Amino acid sequence: MAQNEMLAMILAGGRGSRLKDLTTKVAKPAVYFGGKYRIIDFPLSNCANSGIDVVGVLTQYESVLLNSYVAQDGRWGLDSKDSGVYVLTPREKADEGLDVYRGTADAISQNIDFIDNYDPEYLLILSGDHIYKMNYANMLDFHKENNADATIAVRPVPMKEASRFGIMNTDGNGRIVEFEEKPAKPKSNLASMGIYIFSWKLLRKMLIEDMKNPDSDHDFGKDIIPRMIEDNRGLFAYEFKGYWKDVGTIDSLWESNMDLLDPKNPLNLGDPTWLIYTEDVSTLPQYIGKEAKIKNAYITQGVRVEGQVTNSVLFTGAVVGPNAKVTDSVLMPGVVVEEGATVTRALVAENVRIGKKVKIGDKNSENIELVAKNVKGGTK
Amino acid sequence: MAASAFGIVSSADNTIHVEGLHDYRPIGAFSFLGRFRVIDFPISNMSNSNINRIQVYVRSRPRSIAEHVGSGRHYNINSKRGKIQLLFSENSSSRSIYNNDISAYADNLDIIQRMHQDYVIIAPSYMVYKQDYRQLLDEHISSGADITCLYHKVDNAREYFRNCHTINVNRQKGVQSIDKNLGTANNKNILMDTYCMKRDTFVELVKDASWMSSMYTLADIVNIMCKQMDVRAYQHKGYFATLTSLEDYYHASMELLDYDTASDLFKAEWPIYTRTTDSCPTQYYDTAKVTDSFVSNGCKIEGTIENSVIGRSVVVRKGAVIKNSIIMAYAQIEEGVHIENAIVDKWAHIIHAKNIVGEPDAPQYIKRNDTL
């Protein structure tokens, strides 16, 4: 099935420094989520499910793992002829110096040659660090119906929180008349989700101009979108009502995992018509031991539970030893909670070992405790 | 250059019939431990042993095997240098006594003769074990034998390993004869229907067998030939199960609920590959009580599960109790249902039948798609 009418570019260069030790060695889009996934599985699976064939992933920060991860495009079914996932890191070019991506728009500008190979009608810009399920084909239909130059996905946020977001002010027809980044006095509650569809011809022209502009930050939100509004282009807000989360902090990453514990959670990862695809693993199914007690949990294959698990999400290969108690916590892949240890309101990073009888976290803590290093157990 | 072998995954012959389950698919396609199918074991063994040309023989009902094996990409076989071929017998009647392994090989003899590898490893799609076939091949070559077959010493042949063959070996591990396991003694050497030999030897055996009798199986012809050829046995150690009857299948699944036994079969350095279904993790509700069980992904569990194997995307509603049972993918067990010592096939929906209880040595079988 060849189409390539719309090409997708995923901005995955950010570090996500508020995720602290989780992103010292990997970029934020490669961070684990929901038992078996990585964050970037969401935009990639959305692309695959929306019938997009070619996806460019723009990486920069600590990208070795991320690059090798997304390069295996068969995981998302994007390995047929005319389709693929391509890693686009900053590269040295013949007539310029080696450039890092200076901003979100610059990351696209530096890959105009790649995009031109496919000669798309439309370009979809996505962020690699959000959790949501969305059919971009519907958004493209909306873009075409409005004969738009750009369509920006927005979601309503509570009015009192609107000053934390990039807010789109629209007229009665959904046309964007003003864009305000973190306004002190917001006029609307429609927050930009960082998802854009552009008609490529126009964007291409604007990007080339923007590259030469020394005063530009080369950013979509700060430069390109305001410029388009100024030029009186047709920009439309596409309202999205489903589950969406920016898992930018340890607390929000934890919370977003906890959302999955509600069997009626709106993300509904079990929907067979919109699966999220990820790396395949060769493990046993989950093994629940003779003395195990599990209540309200989200557990994936390869996990072994001998102790107690309550209100928690357990990722591939995590082990909860005998008499260990894991409550209100997230155990990332390969975490071992040894015999008699307790873990409460914590997020334990990949392959961390919590020693025998160790106590981590507190049920009344304000913030979620991040455990990123092994904790040695009691000696006795 | 080291000697190389291609692989043949064989299909169970028509003397083997597993009640219920077998009506819907060949044994190779039986679900095993929730997320696997039986055929994942021989193919993964071959893949892990660097065998990347594999022929899978399908004797009947090819759909589920064809769907599961597909291109073989998930078995980690190089997509250019390697290949998995599904091969079929021309004799399409699955019940026919002439539709056996030899007739399938004879029908595809030209393909077998064209293989570039000098040796062949033949392994069954109806047994579960872990074996590095490179060791078997090395042993075969260094011993100078014509045929080397794999066997396992068991101490419960009266009760289990039905429809299997036993071998009699002399002190030099020479095979004297191959017999049916008639349950006459507990201590037996079970033939694992796994052979290593030269490709040309194999071709001759197939030709000889078809010439002598169209009812002969590979085991029959090897039995006859062990009088005149050098047939040796190589002992397999580790976990071994045959899935040649409903009781054997049930027994094997229950045995692996012991985590130490299961971890002997599943080692990180010897992965068992399977086809992913991309199901999400399993949801345990507030009311869930699960112990001593293997649970696959995609399930919704509100009820009680003890000592059982739960397949993918199974739903167990509040108050339902499942004990010592195997529940296959997409089955739904509604409120208040009690299931014990049973095997519930795929897509079954248990609503009104509140008590489904079998015997520990004779599990109750619930048909695929049944609504009870």
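Every residue gets a number counted from 1 within its own chain, in the order that chain's sequence is written. Both sets of labels track the order of writing: A upward for chains, 1 upward for ligands. Given that this is a predicted model, residues contribute local features only at a pLDDT of at least 70 and side-chain atom pairs are listed and counted only at 80 or more, while totals for whole chains, interfaces and linings are drawn from all residues. Only heavy atoms go into the side-chain values, all of them from the structure, while hydrogens and water stay out.

A. Region of interest: the side chain of Thr151 of chain A. All names here are of chain A. Helix and strand definitions here come from DSSP, where helices need a minimum of 4 consecutive H or I residues and strands a minimum of 2 consecutive E residues; each element is numbered from the N-terminal end. As for its placement among the helices and strands, Thr151 is situated in strand β8 (residues 150–156). Throughout this description, a polar contact denotes any pair of N or O atoms lying within 3.5 Å of each other; where both atoms belong to protein, one of them has to be capable of donating a hydrogen while the other can accept it, and for residues adjacent in sequence the pair is counted only when both atoms sit in side chains. Within polar-contact distance, the side chain of Thr151 engages the side chain of His143 at 2.6 Å. In what follows, residue pairs with any heavy atoms lying within 4.5 Å of each other are defined as contacts. Not counting residues within four places of it along the chain, the set of residues in contact with Thr151 comprises Met139, Phe142, His143, Ile195, Tyr196, Ile197, Phe236 and Tyr238.

B. Structural detail: the sheet that holds strand β18 (residues 319–320) of chain A. Strands are treated as partners if at least two bridges between them are detected by DSSP. Across the sheet, which stays open at both edges, the ten strands sit in the order β24(A)-β21(A)-β18(A)-β16(A)-β14(A)-β16(B)-β19(B)-β22(B)-β25(B)-β28(B) with mixed pairing between neighbours. The open sheet has two free edges, formed respectively by β24 (353–354) of chain A together with β28 (364–366) of chain B, since each of these has just one partner strand. Of the pairings in the sheet, the one linking strand β16 (residues 293–295) of chain B to strand β19 (residues 309–310) of chain B comprises two bridges and is parallel in character. The residue bridging Val295 of chain B from the neighbouring strand is Ile310 of chain B, located in β19 of chain B.

C. Molecular detail of the sheet that holds strand β15 (residues 289–291) of chain B. Residue and element names in this part refer to chain B. Taken in spatial order, the five strands line up as β15-β18-β21-β24-β27 in an open sheet, and their pairing is parallel. Strands at the two margins of the open sheet, each flanked by one partner only, are β15 and β27 (355–357). Ignoring which end each strand starts from, the neighbouring axes of this sheet average 5° apart. For strand β21 (residues 321–323) and strand β24 (residues 338–340), the ladder comprises three bridges, and the chain directions are parallel. Paired with Val321 across the bridge in β24 is His338. Helix axes use the C-alpha atoms of the stretch in contact, all axes being lines fitted to C-alpha atoms, and the angles between their N-to-C directions lie in the range 0 to 180 degrees.

D. Quick peek at the confidence of the model for chain B. Confidence scores labelled pLDDT are given residue by residue by the predictor and lie between 0 and 100. Per-residue pLDDT for chain B has a mean of 90; in total, 97% of the residues score no lower than 70. ipTM for the predicted complex: 0.89, alongside a pTM of 0.90.

E. Examining the domain arrangement of chain B more closely. All names here are of chain B. The source of the domain bounds is an automatic or database domain assignment. Each assigned domain of chain B is listed here: domain 1 (2–265) and domain 2 (283–366). For domain 1 and domain 2, the distance between their C-alpha centroids amounts to 32 Å. What counts as a salt bridge is simple: a side-chain nitrogen of Lys or Arg found within 4 Å of a carboxyl oxygen of Asp or Glu. Taken together, domain 1 and domain 2 are joined by one salt bridge. Across the pair Arg25 and Asp345 runs a salt bridge, and its minimum N-O distance is 2.6 Å. There are four residue pairs in polar contact (both at pLDDT 80 or more) connecting domain 1 and domain 2. Where the side of domain 1 that touches domain 2 is concerned, the elements lending two or more residues are α8 (246–255) and α9 (259–265). For the side of domain 1 that touches domain 2, the leading source of residues is α8, giving six residues. Ten residue types, Ala, Val, Leu, Ile, Met, Phe, Trp, Tyr, Cys and Pro, are classed as nonpolar, four, Asp, Glu, Lys and Arg, as charged, and the remainder, Gly among them, as polar. Taken together, the residues of the side of domain 1 that touches domain 2 break down into eleven nonpolar, four polar and four charged.

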